[in-house]
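# Examination of the molecular architecture
Here's the letter readout for the chains.
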Amino acid sequence: MDEPLVERMRPFGETIFAEMTRLAVETDSVNLGQGFPDTDGPRSLIDAAAHHIRDGVNQYPPGLGRPELRRAVAADRSRRFGLDHDPDTEVYITVGATAGIAAGVLGLVEPGDEVVLFEPMYDSYAAVIAMAGGVRRPVTLRPGPDGRFTFDPDELRAAVGPRTRMIIVNTPHNPTGTVFTRAELGVIADVCAEHDVIVLTDEVYEHLTFDGAEHVPPATLPGMRERTLSISSVGKTFSVTAWKTGWVMGPAALVRAVRTVNQFLTFTANGALQLAIADAITAEADWVRAQRDALQAKRDRLAAGLRSAGFDVQRSQGTYFVMADIRPLGFDDGIELARALPRTAGVAAVPAQVLYDDQDAGRHLVRFAFCKQDKVLDEAVDRLTRAFAP
C-alpha cells in the first residue's frame, strides 16, 4: 500500500521533541531539549491525587470537567485578572492545553480559513490547522536590540485578510520566552476588532514570568473578552506535565464549539487529578511563586553557562526556555548541530528552525530548556564547554 496517511498530514512526522529525547536516551545525554522538569510539584498536590484515587474517584467525571475544578479556575481568573466566567458554561476541562487548542481550532476553523500565528511556533499549532483544512499565515518574531523577540505591527496587519478566521497568541511564548506587552497585545486587539477575528490564546506559562514581566491575558483588553478563547493548564504551573489537565475559558458560544468537538476526541480528563488541582490552585500560590523565582535563577545559570561555552543567548522573559545563537561557534544550521550534539557533546537541544515556516529566520537558533536541577544544568554546560573549547 502507498502512504496511507492523509495528504495534509504528510509533512508532520515524528515531532522534533520526540526525536531529540530519543537521541538523548540513546546517547545517555543531558536532555535540555524537551521541556519537562526533573522534580515533582508540591507534595500536597501529589498526596491529594493519590488520596482521591484510593478513595474511588476512578470513573468518568462529567464531560465538562469536575465542577470543583471549573469553579476553582473561574475564581482564580476573576481574582487575578478581573475576568468573570460562568463555571457551568464558560469553563471547560480538557486533556491538557494541547487538546483544548486542537478542539478550538477544529471547532472554529473551516477548510480554507486562514489562521495567523507567530513563528517560531509550538509544533502542534501547524498540525491542527492542517487537520482543520485551514491555511496558516505566520508572522515572524525577531530579536530586537535588547535580545527580546517581538513582531512588526505592519507585518501582522499585512497577514490578516478577508479569509482570516483566527489569530493564535502564545504568551508567555514558547520557544522565544517573550511575554507580550500590553502595547503589543493592543495592536493584536485592534486588528481583531477591525477584521472581526477570533483569538485563541495559549497561556500555559502564565505563572512563569521573570524580571517583573507582567502576564496580560489578551481577554482583558477592551473588546476582547467576547472574541477570545483562553487556554491554560496545570502541567507547567505545578511541574506535573504528565497529568495532562487543562482548561478552556471564554464566551459560552466559543467554549461550546470546543466541547462539541472534544467530546468525540478525548471526551473527559482524569477526575481524581482534577480534584487535586482544584485545591492546589487556591492553596499552593506560595509554591508557584517560589517555583517561578527558582526558574528565573535557573534561566540565569544556564544562560551564563551557554555564554561561557560560546553561544550568544537571547533574552527570555518567561517559560522554560532560552534561545541560543550558534553562529559564534562557527555553525549556521541548527538541525545539523542539534542532531550532532548528543553524540559530540552529550547534550540534547531543539533546533528552532523546525518551528518556523520561514526556516532561514531560525536556522541559526537552538532552544535549551532550563527547568532542570542545578547539577543537571551544570553538567550540560560542562559538557558543552569541553566540546567547544578551542
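Let us look at the structure shown here. (Residues numbered from 1 in each chain as written. Predicted model: local features only at pLDDT ≥ 70, side-chain atom pairs only at ≥ 80, totals over all residues. Heavy atoms only, no water.)

Looking at where Asp88 falls in the secondary structure, it is placed in the loop between helix H3 (67-81) and strand E2 (91-94). A residue is classified by how much of its surface remains accessible, and Asp88, at 47% relative accessible area, is partly exposed. Sequence separation of Asp88 and Arg148 is 60 residues, and the distance between their C-alpha atoms is 39 Å. For Asp88, the side chain forms a polar contact with the side chain of Arg70, separated by 3.2 Å. (Helix = DSSP H or I, 4+ residues; strand = E, 2+ residues; numbered from the N terminus. Buried < 20%, exposed > 50% of the residue type's maximum accessible area, 1.4 Å probe, protein only. Polar contact = N/O pair within 3.5 Å; in protein donor to acceptor, adjacent residues only side chain to side chain.)

What follows is about the environment of Val376. Relative to the helices and strands, Val376 resides in helix H13 (residues 374-388). Look at Val376 and you get partly exposed, because its relative accessible area is 21%. Distance from Val376 to Asn31, taken between C-alpha atoms, is 9.0 Å for residues 345 residues apart in sequence.

The volume enclosed by the largest pocket comes to roughly 1,100 Å³. Thr15, Phe17, Tyr122, Asp123 and Ser124 are, among the 44 residues lining the largest pocket, the residues nearest its centre. Secondary-structure elements contributing two or more residues to the lining of the largest pocket are helix H1 (16-27), helix H4 (96-108) and helix H5 (123-131). The biggest single contributor to the lining of the largest pocket is H5, with 6 residues. Along the lines of polarity and charge, the residues of the lining of the largest pocket split into 20 nonpolar, 14 polar and 10 charged. (1 Å grid on protein atoms, 1.4 Å probe; cavity = no way out; pocket = protein on both sides within 12 Å on 5 of 7 lines; lining within 4 Å. Points joined across faces, edges and corners; volume = space filled by probe spheres on them. Nonpolar A, V, L, I, M, F, W, Y, C, P; charged D, E, K, R; others polar.)

Shape descriptors only; they carry no functional weight alone.
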